[in-house]
Structure formats: structure tokens, C-alpha cells
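Chain by chain, the residues:
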Amino acid sequence: MKHAAHKAAKVSQRRESAQRSLFASSHGTHTAKATLVQTSAGTMSVEIDQALAARINEVAPLTRRAMRESARAADRRSHIIASTSLAALVGTAATAMAFAKPSDAAVAAADAPTATTQIKRASANAASRSEDRVPLNETVAQPQATSATQTSSNEGNWQLSDSSASLDVNSMSRSTANNPAIAALLDGDHDALPAGFDPNHATGDSGNAYEFSQCTWWVYVRRHQLGLPAGSHMGNGNMWGNSARALGYWVDHQARHVGDIMVFAAGQDGADAAYGHVAIIEKINPDGSVETSESGSVMNGKTYSRSYSAQQVSQHDIIHY
């Protein structure tokens with residue numbers, strides 16, 4: 001009695017033998033002689049062309065060795081294609097370099113230095129610190145071997161944003177006075193101020209210590225109305241010039257501002273023969289003459305005005321601030 005398993009084994013062996021017979025070795029290579037065709041009646045062997053058999057062997061190798069050889073052949077084809085493409089690229093680049101200008105090749109071979117430029121504003125009235133521009137082609141034509149960068153310059157003249165005129169530094173405030181009224185006057189007087197003048201000198205002010213309605217009393221009151229300093233113990237009218245100099249006031253012989261103190265020596269221009277006089281300059285005329293406000297013991301706190309010529313003014317001490 002034969003078992004089905006044994007028959008199955010024999011059938012399997014016959015099928016394997018039939019498959020091996022489809023291919024015959026020829027000089028170490030696999031060559032397809034026939035192929036199996038599946039029909040309704042079963043599998044049968046069919047003779048095929050040698051070229052078709054070679055293509056079948058190439059696409060579907062029969063052994064592991066054939067598979068390895070096929071893979072190595074594919075690698076060789078890939079390497080050949082890559083080498084050919086690289087050679088074509090190198091040839092193209094070499095051709096381009098051969099036809100390029102020598103100067104262009106030098107620029108391509110060397111790392112040209114960078115350069116910065118300054119853009120000129122569109123408005124002629126706008127502020128600009130430079131009028132020079134360096135063309136980029138000149139920078140490339142003369143590369144610097146020692147440095148990779150070029151520093152731009154900020155040389156030029158600053159100008160006002162709304163004017164083409166240069167800034168006048170003389171119009172800038174240079175006052176350092178603590179008294180705002182004096183600070184406003186200093187800007188116009190800076191060329192005439194005595195050397196070393198201190199606008200913050202001692203004023204000698206400790207309150208109005210003068211007898212009511214006297215000329216000195218009125219000068220103290222009026223100076224404070226104008227925001228200007230006045231000492232409390234300057235003495236009689238004819239003594240005010242020297243007292244002011246001792247405290248640091250600016251004293252000369254020229255009327256400069258409303259509020260200046262005009263000092264009269266004893267008996268000068270109608271002043272008291274013993275005590276002198278002081279008055280406040282209220283107006284300075286174009287010809288140098290002045291108009292004053294004055295008071296006296298007989299005025300009972302009221303004031304009066306007089307005019308003096310420029311020649312008369314030049315004979316008096318004038319206290320400014």
C-alpha cells in the first residue's frame with residue numbers, strides 16, 4: 001500500500017526536474033531553451049527565441065549567482081552614466097572659462113573686497129554728510145589685497161534740515177545765569193561782556209532797606225519789577241557805581257537795556273550836591289539818548305521822567321546786571 005504523501009513527493013521531484021530541463025548551461029551562462037505555459041489542460045513546455053530567452057534571463061535570473069551578476073551589471077551602467085554626465089558638466093565649465101574675458105576670470109577666482117556707499121538724499125535742503133560717491137566698478141577694478149572691507153567716510157558739513165545755510169553757533173544760547181531775565185540778556189551781550197564776568201555774582205539783596213520815596217528806594221522797586229537784581233545797602237546815589245562793581249555787577253558808560261541804572265555824581269546834571277542821584281533807564285532812542293523814571297523825597301512815592309542826550313549818558317556810570 002502506497003501513501004499519498006509518497007506520491008506527492010515524486011510528483012514534486014518530477015516537476016523540479018522538468019523546470020531544470022527548461023534551461024541549459026552554455027559556457028557558464030544561463031540560456032533559456034523553453035518556458036512553461038499555463039493552459040486549461042495543464043503546464044506545457046514551449047520552445048522560444050534565443051534573444052527572448054536572453055532577455056528573460058536578464059530580467060529574471062534563475063540563480064542567486066545570476067542575480068548578483070545582474071546587480072553588478074546595473075551598478076556598472078549607473079556609474080558609466082554618472083561619469084558621462086560629470087564629464088559633460090566639466091567640459092561645459094571649461095569651455096565657458098576659455099571664452100570668458102581675463103578680467104572676468106580674475107574676478108571669479110578672487111574674493112573681491114566689499115564696498116559701502118552713501119546714498120544722496122533727493123532734497124537739496126536735506127542734511128547730508130558726504131557729497132562723494134565711489135562707483136562699484138572702480139572698487140572691483142582695484143581690489144585691496146590686505147583687507148576684505150572698505151570703511152566709508154563721514155566727512156562733510158552738517159547743515160540745517162530746512163536750510164542750506166551752515167549752522168551759526170553764535171545764535172545758540174550760551175547763558176549760564178540763574179536769573180532768567182539776565183540769561184535772556186546775556187545772549188545779546190556776550191561780545192561786550194567784560195572778561196571773566198560772572199552772571200551769578202552776589203547781588204547784595206536782602207530786601208528794600210531804603211527810605212520811602214527816595215531815589216534809591218524807587219530804583220530798588222523798579223529793578224525788581226523788571227526781574228533784575230539790586231543791592232539793599234548800596235549807599236547814597238553817588239555811591240552806587242562803586243558798590244555795584246564791588247559786588248560783581250557789570251558797570252560801564254553805555255545804556256544797553258531798559259532797566260539799566262544811571263548813576264549821578266554829586267551835583268552832576270542837577271543831582272543833589274551832597275548825595276548824588278540814581279535813576280532807571282526806561283527807553284533808549286536810536287541816537288543814543290535815553291528817557292528815565294526817577295523819584296525823590298518831595299515826590300511822596302510818585303515818579304517823574306527826564307531825557308538825557310547820548311553825550312550826557314556817556315559821562316555817567318551805567319549799572320547793567
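Because the structure is a prediction, the values reported are computed rather than measured.

Participant: Can you tell me about the overall build of the protein chain, naming the residues and giving the values?
Facilitator: When helices and strands are counted, the protein chain shows nine helices and ten strands. Within the span of the protein chain, comprising 321 residues, buried residues form 25% of the whole. The long-range fraction of contacts in the protein chain, counting pairs at least 24 apart against all pairs at least 6 apart in sequence, stands at 54%. Carbon and sulfur atoms make up 54% of the accessible area of the protein chain, which totals about 21,600 Å².

Participant: Now, about unusual backbone geometry: what can you tell me, with residues and values included?
Facilitator: In the Ramachandran plot, Asp269 falls in the positive-phi region, its phi being about 50° despite a non-glycine side chain. Within the secondary structure, Asp269 sits in the loop between strand E6 (261–264) and strand E7 (277–284). Although it is not a glycine, Asn300 adopts a positive phi angle of roughly 55°. In this fold, Asn300 is placed in the loop between strand E8 (290–293) and strand E9 (307–308). What makes Asn300 exposed here is its relative accessible area of 59%.

Participant: Break down the side chain of Asn285 for me, citing the residues and quoting the values.
Facilitator: By the element assignment, Asn285 lies in the loop between E7 and E8. A relative accessible area of 18% means that Asn285 is categorised as buried. In this view, Asn285 contacts Val290 and Glu291; residues no more than four positions away in its chain are not counted.

Participant: Break down the side chain of Ser293 for me, with residues and values.
Facilitator: Its location among the elements puts Ser293 in strand E8. Of the residues examined, Ser293 reaches a relative accessible area of 8% and is grouped as buried. Here Trp218 takes part through its side chain, which lies 3.1 Å from a polar atom of the side chain of Ser293. A distance of 2.7 Å separates polar atoms of two side chains, one belonging to Ser293 and the other to Glu282. Residue contacts for Ser293: discarding those within four places in its chain leaves Trp218, Ala279, Ile280, Glu282 and Tyr304.

Participant: Talk me through the sheet that holds strand E5 (residues 251–252); I want residue IDs and the actual numbers.
Facilitator: Taken in spatial order, the six strands of this open sheet run E5-E10-E6-E7-E8-E9, and their pairing is antiparallel. Across the chains shown, the open sheet's two edge strands, defined by having one partner strand only, are E5 and E9. With four bridges joining them, E6 and E7 adopt antiparallel strand pairing. In the strand pairing of E7, Val263 is matched with Val278. Of the strands in this sheet, E6, E7, E8 and strand E10 (317–319) touch helix H7 (residues 215–225), which is tilted by about 40° from E7. Against the sheet, helix H8 (residues 240–247) touches E5, E6, E7 and E10, its axis set at about 45° to E10.

Participant: Describe the pairing of E8, naming the residues involved and giving the relevant values.
Facilitator: By the bridge criterion, four bridges tie E7 to E8 in an arrangement that is antiparallel. Counted as the bridge partner of Ile284 is Val290 from E8. The hairpin formed by E7 and E8 contains five residues between the paired strands, and Gly288 there has a positive phi angle of roughly 95°. As paired elements, E8 and E9 share two bridges and run antiparallel to each other. The partner of Val290 across the bridge, within E9, is Tyr308.

Participant: How would you summarise the nonpolar core if you had to cite specific residues and measurements?
Facilitator: Membership of the largest hydrophobic core comes to 17 residues, with the highest contact counts inside it found for Trp240, Ile261, Val278 and Ile319. Every element with two or more residues in this core is listed here: H7, H8, E6 and E7. Ranked by residues supplied to this core, first place goes to H7 with five residues. Ignoring sequence-local partners within four residues, the contact set of Ile261 consists of Val219, Arg223, Trp240, Val278, Ala279, Ile280, Asp317, Ile318 and Ile319. In this structure, Met262, Ile281, Val290 and Val313 belong to the second largest nonpolar core, which totals ten residues.

Calculation criteria
Residues numbered from 1 in each chain as written. Predicted model: local features only at pLDDT ≥ 70, side-chain atom pairs only at ≥ 80, totals over all residues. Heavy atoms only, no water. Helix = DSSP H or I, 4+ residues; strand = E, 2+ residues; numbered from the N terminus. Buried < 20%, exposed > 50% of the residue type's maximum accessible area, 1.4 Å probe, protein only. Contact = heavy atoms within 4.5 Å. Areas by Shrake-Rupley, 256 points an atom, 1.4 Å probe, with all protein chains shown as cover. Polar contact = N/O pair within 3.5 Å; in protein donor to acceptor, adjacent residues only side chain to side chain. Pairing = 2+ DSSP bridges. Axes fitted to C-alpha atoms, helices over the stretch in contact; angles between N-to-C directions. Core = buried A, V, L, I, M, F, W, Y, C linked by side-chain atoms within 4.5 Å.

Read these as geometric descriptors, not functional statements.
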